[in-house]
Amino acid sequence: MELHLENLSKRFGSKTVLEKINFSMQSGEFLALVGSSGSGKSTILRLIAGLDQPSEGSILVDGDPVTGPGPDRGMVFQKYSLYPWLSAADNVAFGMRLQGIKPQEIRERTGYFLEVVGLSDAGAKLPRELSGGMQQRVAIARALATNPRVLLLDEPFGALDLQIRESMQDFLLQLWQRTGLTVLLITHDVEEALVLAQRIHVLAPDPGRIIRSIDVNLDKQDLSQLRLSKDFLDLRRSLSGTLRALEAALC
Ligand SMILES: Nc1ncnc2c1ncn2[C@@H]1O[C@H](COP(=O)(O)OP(=O)(O)OP(=O)(O)O)[C@@H](O)[C@H]1O
Ligand SMILES: [Mg+2]
C-alpha cells in the first residue's frame, strides 16, 4: 500500500485551510500529524477518507486517485461515532454488511475483531452501556473489520481521561506491532504522537501546512520506561517548543 498526498490544498469559501500538503506513507508505517486546533488536521483526514474533495492537488492510494469513501480506508472519528441503536457487534458488522459479505463470515469476523480489541464479552451491549474507551475500541474494530489498507484515526482518544488514554495508546501500539497495520493518527498531543508514531509531521495553521517533520527512533518495548527516557523527553520538549512558538506567533 502506498498513500501519496501531492500539493493538496483545500479552501472553504475564501479561507485557505490547507496549502500544498505533501507526504507519503508506505505499508506498515505509523505516521502522526500534530498541530494546534484549527490547523486542518481533521480536514486532511476527511479528504483522504473521501468525505470531502480537495480544491487542488491529489490523493493517491496505490496510484489510484481517491474519489469518494471506500472500504480500503477505515476511519475512526474525533467524536464518538457508533450507531447508538446498534449493539457493539452490529456496529462492527455494519461496514461488512454494506460490502455484501456473507452472514457467516460477518459473524466470524465480528467475533475476531471484538476479540482483537479485547471486547469479546461486550458484543451484545449498546454503545451507551460501554465506557468511552470501550466505545472507541469498538469504533477501531469497526474500522478494521472491512480490512482497510490504511487506518485513519482522528484524535481517537482525545475525549478520554489521562489514565485510560495511556492504556489505549498501549493497546494501539500493540495492535500495530502485532498486525503490521498502516496507521495515520491525528492528535494534538505531542506525547501521544511520540509514543505511537515512527514519523511525525507538524502542522501550522492559517493556512494549514507542514512546517516540520521528524523521524522517531525510540525503543518502544516498554512504554512506561519510554515515557521517562531522556531521548523521549528531549523530543517532547523540542516538539512542544515548536507548537508553543506557533501559538505565540498567532497571538
Ligand atoms: N465544512 C467546513 N466549512 C467551512 N470551514 C471549515 C469546514 N471544515 C473545517 N473548516 C475550517 O477549517 C479549519 C480547519 O478545521 P479542522 O477541523 O480541519 O481543524 P483541526 O486541526 O482538526 O482542529 P481540532 O484540533 O480543533 O480538531 C478551521 O478553521 C475550520 O473552521
Ligand atoms: Mg479535528
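The notes below deal with the structure included here. Residues take numbers from 1 onward in each chain, read along the sequence in its written order. Labels follow written order: the first chain is A, the first ligand is 1, and so on. Owing to the predicted nature of the model, reporting of local features is limited to residues with pLDDT of at least 70; listing and counting of side-chain atom pairs is limited to 80 or more, with chain, interface and lining totals taken over all residues. The basis for the side-chain values is all heavy atoms of the structure; hydrogens and waters are excluded.

A few points about the overall build of the protein chain
Stated precisely, the cut-off is as follows: Here a helix means four or more residues in a row that DSSP labels H or I, a strand means two or more in a row labelled E, and each is numbered from the N terminus. The reference for a compact globule is 2.2 Å times residues^0.38; the radius of gyration itself is calculated from the C-alpha atoms. Using a 1.4 Å probe on the protein chains alone, a residue whose accessible area is under 20% of its type maximum counts as buried, one over 50% counts as exposed, and one in between counts as partly exposed.
Check the secondary structure of the protein chain and you find eight helices and 10 strands. Relative to its length of 251 residues, the protein chain is compact, with a C-alpha radius of gyration of 18 Å against a globular reference of 18 Å. Based on the C-alpha atoms only, the size of the protein chain along its principal axes is roughly 55 × 45 × 30 Å. Looking at the protein chain as a whole, 50% of its 251 residues qualify as buried.

Observations concerning the packing of helix 2 (residues 88–98) against helix 4 (residues 132–145)
To keep things clear, this is the line we draw: The axes used here are C-alpha line fits, helices contributing only the stretch in contact, and every angle between their N-to-C directions lies in the interval 0 to 180 degrees. In what follows, roughly perpendicular refers to angles from 65 to 115 degrees, roughly parallel to angles under 35, roughly antiparallel to angles over 145, and oblique to any angle outside these ranges. Handedness of each helix crossing follows the sense of rotation of the near helix against the far helix: counterclockwise by less than a right angle gives left-handed, clockwise gives right-handed. Note on definitions: a residue-residue contact is assigned when non-hydrogen atoms from the two residues lie within 4.5 Å. Amino acid classes used here: Ala, Val, Leu, Ile, Met, Phe, Trp, Tyr, Cys and Pro are nonpolar; Asp, Glu, Lys and Arg are charged; the rest, including Gly, are polar.
At a minimum axis distance of 7 Å, the contact between helix 2 and helix 4 shows a crossing angle of 25 degrees. By the criterion of interaxial angle, the relationship of helix 2 to helix 4 is roughly parallel. Every pair of crossing elements has a handedness; the one defined by helix 2 and helix 4 is right-handed. Mapping the contact onto sequence places Ala88, Asn91, Val92 and Met96 in helix 2 and Val138, Ala141, Arg142 and Ala145 in helix 4. Broken down by class, the residue content of the contact of helix 2 with helix 4 amounts to six nonpolar, one polar and one charged.

Overview of the side chain of Arg73
Rules: Here a polar contact means two N or O atoms within 3.5 Å. Within protein one must be a hydrogen donor candidate and the other an acceptor candidate, and residues neighboring in sequence count only if both atoms are side-chain atoms.
Secondary-structure assignment places Arg73 in strand 6 (residues 73–76). Residue classification places Arg73 among the buried positions, given a relative accessible area of 9%. For Arg73, the side chain forms a polar contact with the main-chain oxygen of Gly68, separated by 3.0 Å. A polar atom in the side chain of Arg73 sits 3.1 Å from the side chain of Asp72. Arg73 has contacts with Ile48, Ala49, Gly50, Val61, Val66, Gly68, Pro148, Val150 and Leu152, leaving out every residue within four places of it along the chain.

What about the coordination of the magnesium ion (ligand 2)?
Heads up, the condition is: Counted as donors are the N, O and S atoms within 2.8 Å of the metal, or 3.2 Å for Na, K and Ca, while water is not among the atoms, so some sites may look incomplete.
Here the magnesium ion (ligand 2) is held by the protein donor atoms Ser42 (OG) and Gln78 (OE1), which lie 2.0 to 2.5 Å from it. One end of the pair, Ser42, is in helix 1 (residues 41–49); the other, Gln78, is in the loop between strand 6 and helix 2, with 36 residues separating them in the sequence. A relative accessible area of 24% means that Ser42 is categorised as partly exposed. Exposure remark for Gln78: the relative accessible area of 37% places this residue in the partly exposed category.

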